[in-house]
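One-letter residues, chain by chain:
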Amino acid sequence: MVHVYPKTLDTKILNEVYINKNSIDAQVEKILNRFPVSNPINKDWLYRVISVIDLTTLGGDDTRSNVVRLCNRAANPLGVDQNDIKVRTAAVCVYPNRIKDAYETISRLNLKKDVQIASVATGFPSGQYPLSTRLQEIKFALDNGATEIDVVIDRSLVLMGEWETLYDELLQMKRACGRAHLKVILGVGELGSYENVYNASIVSMMAGADFIKTSTGKEAVNATLPVGLVMCRAIRNYYLMTGTKVGLKPAGGIKTSKDAVNWLTLVYNELGEEWLSPKLFRIGASSLLDVIIRDIQKVL
């Protein structure tokens with residue numbers, strides 16, 4: 001079924017949203033205490049972490065050669081098969097100018113069906129660019145082989161309560177993406193309140209986001225579990241309202257195996273095991289993979 005998104009936003013759903021910070025913090029603590037496995041550094045969970053990573057390089061010094069290396073790592077992150085387990089990252093994520101390099105490498109490896117090619121776009125990381133050029137970025141990335149687009153919203157629209165404008169911009173981005181997955185980066189560290197995080201999540205999903213993503217990784221505050229809980233609740237409420245399942249992607253500040261497994265725990269408890277797959281959950285990371293591999297080697 002093709003979902004038709006309305007041309008205008010009904011803002012009634014955004015009214016009277018109140019979220020108690022202390023309550024959110026306490027609920028996160030309670031969830032982590034209900035961890036579903038006895039040992040968080042468990043190789044099966046660590047393999048699962050690898051399978052949901054969007055392996056990322058977003059440096060000003062990115063070149064073709066390091067994008068090629070990134071794709072090769074995504075294809076075979078362990079270097080060799082461990083116990084006949086073949087694991088790959090869910091995607092590689094690069095700037096639009098490097099998408100062609102990623103596409104050619106993933107194609108050469110014959111992994112176009114296995115490893116997604118994601119591009120940040122729309123004035124990443126600030127979003128403070130004209131809409132026309134942001135839409136052109138999406139087209140450029142798609143023309144060069146991107147299969148997923150991680151757009152960044154203009155956070156000023158959230159801070160000023162201009163929800164209709166935000167919705168309209170995201171709707172145009174969704175249309176520009178065509179069949180490519182749209183992942184909407186909220187920049188939660190710059191949104192000012194949990195209520196804004198919740199409402200920005202809802203507006204993004206109403207405009208057709210396939211994923212909502214915490215951060216660009218460039219903000220002072222990036223992915224935190226309390227804000228993740230707020231976003232999970234928005235995803236769950238949106239699913240109850242529409243029957244549409246939207247994915248979650250935390251990014252930025254996830255540095256250890258424990259950090260990653262805590263995110264799996266949060267999603268498992270709030271949204272269910274179905275969300276613990278690359279179709280509905282990703283972790284945006286660059287250095288995390290090295291840490292995960294070292295911890296896997298410890299428990300083999």
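It should be emphasised that the depicted structure is a prediction, and the values quoted were computed from it without experimental measurement.

Student: Help me get a handle on the sheet that holds strand 4 (residues 148–152), residues and values and all.
Tutor: Spatially, the eight strands line up as an open sheet ordered 7-6-5-4-3-2-1-8, and their pairing is parallel. Edge strands, defined here as strands with exactly one partner in the open sheet, are strand 7 (247–249) and strand 8 (283–285). Averaged over all pairs of adjacent strands, the angle between strand axes in this sheet comes to 25°, irrespective of strand direction. With three bridges joining them, strand 6 (residues 211–213) and strand 7 adopt parallel strand pairing.

Student: Lay out helix 8 (residues 194–206) in plain terms, naming residues and giving numbers.
Tutor: Spanning 13 residues, helix 8 covers 18 Å between terminal C-alpha atoms, matching the ideal 18 Å at 1.5 Å per step. Across the 13 residues of helix 8, 13 count as buried, placing the element largely inside the fold. Downstream of helix 8 by a residue or two, Gly208 has a phi angle that is positive, lying close to 110°.

Student: Which residues make up the packing of aromatic side chains, and what values go with them?
Tutor: Per the counting criterion, the structure on display carries two aromatic pairs. A ring pair is formed by Tyr95 and Phe124, whose centres lie 6.0 Å apart and whose planes are at 75°; its orientation type is edge-to-face. Of this pair, Tyr95 sits in the loop between strand 2 (91–94) and helix 4 (99–108) while Phe124 sits in the loop between strand 3 (116–121) and helix 5 (131–143), and the two are 29 residues apart along the sequence. With relative accessibility at 25%, the residue Tyr95 sits in the partly exposed group. With centroids separated by 6.1 Å and ring planes inclined at 75°, the aromatic side chains of Tyr239 and Trp275 adopt a geometry described as edge-to-face.

Student: Kindly report on the packing of helix 8 against helix 9 (residues 225–242), identifying the contributing residues and their values.
Tutor: Running from N to C, helix 8 and helix 9 point in directions that differ by 40°, and their axes come no closer than 9 Å. One element, helix 8, and the other, helix 9, form an angle in the oblique class. The hand of the helix 8/helix 9 crossing is right-handed. Contacts between helix 8 and helix 9 involve Tyr194, Val197, Tyr198, Ser201, Ile202, Met205 and Met206 from the first element and Pro226, Val227, Val230, Met231, Arg233, Ala234, Ile235, Asn237, Tyr238 and Met241 from the second.

Student: Provide a residue-level description of unusual backbone geometry, including the pertinent values.
Tutor: Going from Phe124 to Pro125, the amide bond is cis rather than trans, its omega being 0°. Tracing the backbone through its elements, the reader meets Pro125 in the loop between strand 3 and helix 5. Located in the positive-phi region is Asn110, a residue other than glycine, with phi close to 60°. Tracing the backbone through its elements, the reader meets Asn110 in the loop between helix 4 and strand 3. At Thr122, a position not held by glycine, the phi torsion is positive, near 65°. Structurally, Thr122 is set in the loop between strand 3 and helix 5. The class for Thr122 is buried, based on a relative accessible area of 0%.

Definitions and limits used
Counting starts from 1 at the beginning of each chain's written sequence and moves along it residue by residue. Local features in a predicted model are, by the rule used here, given only for residues with pLDDT of at least 70; side-chain atom pairs are given and counted only at 80 or more, and totals for whole chains, interfaces and linings are based on all residues. The basis for every side-chain value is the complete set of heavy atoms in the structure, and neither hydrogens nor water enter the calculation. A pair of strands is treated as paired once DSSP finds two or more bridges between them. Secondary structure elements are defined from DSSP: runs of H or I of at least 4 residues count as helices, runs of E of at least 2 residues count as strands, and each element is numbered from the N terminus. To get an axis, fit a line to the C-alpha atoms, keeping to the stretch in contact for a helix; angles then go from 0 to 180 degrees between the N-to-C directions. Here a helix's expected span is defined as the number of its residues, less one, multiplied by 1.5 Å. Only protein chains enter the accessibility calculation, which uses a 1.4 Å probe; a residue is then buried when its area is under 20% of its type maximum, exposed when over 50%, and partly exposed in between. Note on aromatic pairs: the rings of Phe, Tyr and Trp (six-membered ring only in Trp) are paired at centre separations within 6.5 Å, and the planes decide the class, stacked below 30 degrees, edge-to-face beyond 60, tilted for the rest. The scheme is simple: roughly parallel for angles under 35 degrees, roughly antiparallel for over 145, roughly perpendicular for 65 to 115, oblique for anything else. For a crossing to be left-handed, the near helix must be turned anticlockwise from the far one by less than a right angle; the clockwise case is right-handed. Between two residues, a contact is recorded if the distance between any of their heavy atoms is within 4.5 Å.

Purely geometric numbers; function is a separate question.
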